[in-house]
Amino acid sequence: MNSLPSQPRSDHRPPVVTRVSDTEWHAVEDGLPVGRGDVSQRPDGRLFVSVDAWHAPVFDRIAAAMTAALPAPLYAVVDETDHESAAAWHRAGFTTGRREWGYVVPTDPRVTGLGPVRPPAGVTLVPAGEAEEAPLRTLDRLVRAEVEAGAGWRTMPAEVLPRPAWSTMADPSKYAVAREADRYVGMVRVAPLTRQPRIGLVAVLTERRRRGIARALLAHTLASLHHAGTVSAWAEADEANPAATALLESIGARRTGAALELVRP
């Protein structure tokens, strides 16, 4: 979380910034805490930093301490409308790497138009919680390899679910999959967050794309949420991914904002 005041203050004694752990920095002034910084590593290995400070000079000192101590490249995420935080990160040497649109996705088939959608011949859908773990993990590795060979994981949603260090999947029970013959060829992940479920991933193997599998998976997932009483879900899409944005907008998803992913090389 990045926080800045609307007006800078006049400081007579600069705060002291101390690294208190491998992932956390504290700023103290006259014995009182005035800010903190955090760093976390995403599943793709990238380091994301955040700063929480009420005053711009404190933000700048924490950011300077973190960038001096951490290896480049470093990343940060800000709301596109938070111009002060974006400006603070720019002062610290960050530039805008990409924009990610946020969407509110309706679940009612009468709104999405996905009611009658069925998977192509020979493909069956396996509900979340019923997929076999071994072939699911195999599919996950194949999808990740295809993404890395193409656009790269930098184009994936800025918010990434935590996972064990030894695994590429946070929780296999959150995935519904598409099965063709004896293997899985597509998957969708939904995180049942308190306020609004989040559709974190919709993926189909390259050789099985353009057959309606992703649309069928999404229809199945949204229908399940609707039957459970959920009115809408949340999803993100990189603005440079026209296929993802077109799929979401074709089912009535409403764009509600954007996040900027900043990078310091």
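Note that the structure is a prediction, hence the values are computed from the model and not measured.

About the criteria used
- Residues numbered from 1 in each chain as written.
- Predicted model: local features only at pLDDT ≥ 70, side-chain atom pairs only at ≥ 80, totals over all residues.
- Heavy atoms only, no water.
- Helix = DSSP H or I, 4+ residues; strand = E, 2+ residues; numbered from the N terminus.
- Expected span 1.5 Å × (residues − 1).
- Buried < 20%, exposed > 50% of the residue type's maximum accessible area, 1.4 Å probe, protein only.
- Polar contact = N/O pair within 3.5 Å; in protein donor to acceptor, adjacent residues only side chain to side chain.
- Pairing = 2+ DSSP bridges.
- Salt bridge = Lys/Arg side-chain N within 4 Å of Asp/Glu carboxyl O.
- Right-handed = clockwise from strand over helix to strand, strands pointing away.
- Axes fitted to C-alpha atoms, helices over the stretch in contact; angles between N-to-C directions.
- Contact = heavy atoms within 4.5 Å.
- Core = buried A, V, L, I, M, F, W, Y, C linked by side-chain atoms within 4.5 Å.
- pLDDT = per-residue confidence, 0-100.

**Details of helix 5 (residues 213–227)**
Every α-helical turn comprises 3.6 residues, leaving residues that sit three or four positions apart pointing alike.
Here is step 1: The end-to-end C-alpha distance of helix 5 is 21 Å, a good match for the 21 Å that 15 residues give at a rise of 1.5 Å each.
Here is step 2: What helix 5 keeps buried is the set Ile213, Ala216, Leu217, Leu218, Ala219, Thr221, Leu222 and Leu225.
Here is step 3: Positioned one or two residues after helix 5, Gly229 has a phi angle of 95°, which is positive.

**Looking at the side chain of Glu236**
Here is step 1: For Glu236, the location among the structural elements is in strand 11 (residues 232–238).
Here is step 2: Residue class for Glu236 comes out buried when judged on its relative accessible area of 13%.
Here is step 3: Among the polar contacts listed, one links the side chain of Glu236 to the side chain of Arg198, at a separation of 3.1 Å.
Here is step 4: Polar side-chain contacts of Glu236 include one of 2.7 Å to the side chain of Trp234.

**Quick word on the pairing of strand 1 (residues 16–19)**
Here is step 1: Summarising the sheet, strand 1 and strand 2 (residues 24–29) pair through four bridges and their orientation is antiparallel. Across the sheet, residue Val16 finds its bridge partner in strand 2, namely Val28.
Here is step 2: Hairpin connection between strand 1 and strand 2: a loop of four residues separates the two successive antiparallel strands.

**Some words on the pattern of salt bridges**
Here is step 1: Scanning the model with the defined rule gives 20 salt bridges in all.
Here is step 2: Its salt-bridge partner being Arg36, residue Asp38 comes within 3.2 Å of it at the nearest N-O pair.
Here is step 3: Salt bridges sharing partners connect three or more residues here, namely Arg46, Arg98, Glu100, Asp238 and Glu261.

**Brief notes about the pairing of strand 5 (residues 74–79)**
Here is step 1: For strand 4 (residues 47–53) and strand 5, the ladder comprises two bridges, and the chain directions are parallel. Each residue of the ladder has a partner; that of Phe48, found in strand 5, is Tyr75.
Here is step 2: Handedness of the β-α-β unit built from strand 4, helix 1 (residues 56–69) and strand 5 comes out right-handed.

**A closer look at the sheet that holds strand 5**
Here is step 1: Sheet architecture is open: twelve strands sit in the order 1-2-3-4-5-12-6-11-10-9-8-7, paired in mixed fashion. On the outer flanks of this sheet lie strand 1 and strand 7 (123–126), each paired with one strand and no other. Going from strand to strand, the sheet's axes swing by 25° on average, the running direction of each strand aside.
Here is step 2: Pairing between strand 9 (residues 183–191) and strand 10 (residues 198–204): six bridges, direction antiparallel. Note that in strand 10 the partner of Ala191 across the bridge is Arg198.
Here is step 3: Of the strands in this sheet, strand 1, strand 2, strand 3 (32–41), strand 4, strand 5 and strand 12 (254–264) are in contact with helix 1, which crosses strand 4 at around 155°.

**Focus: the nonpolar core**
Here is step 1: By size, the foremost hydrophobic cluster in this structure holds 38 residues, and its most contacted members are Val105, Met187, Ile199 and Leu222.
Here is step 2: Where this core is concerned, the elements lending two or more residues are strand 6 (95–106), strand 7, helix 4 (133–149), strand 8 (175–180), strand 9, strand 10, helix 5 and strand 11.
Here is step 3: No other element matches the six residues that helix 5 contributes to this core.
Here is step 4: Grouped together as the second largest cluster of nonpolar side chains are 24 residues, Val58, Phe59, Ala76 and Phe94 included.

**What about the confidence of the model for the protein chain?**
Here is step 1: Mean pLDDT over the protein chain: 87, with 86% of residues reaching 70 or higher.
Here is step 2: Contacts of residues 5–9 to residues separated by more than four positions or lying in other chains number ten contacts, the stretch itself having pLDDT below 50.
Here is step 3: For the stretch residues 158–166, pLDDT sits under 50, and the model shows 24 contacts to residues farther than four places along the chain or on other chains.

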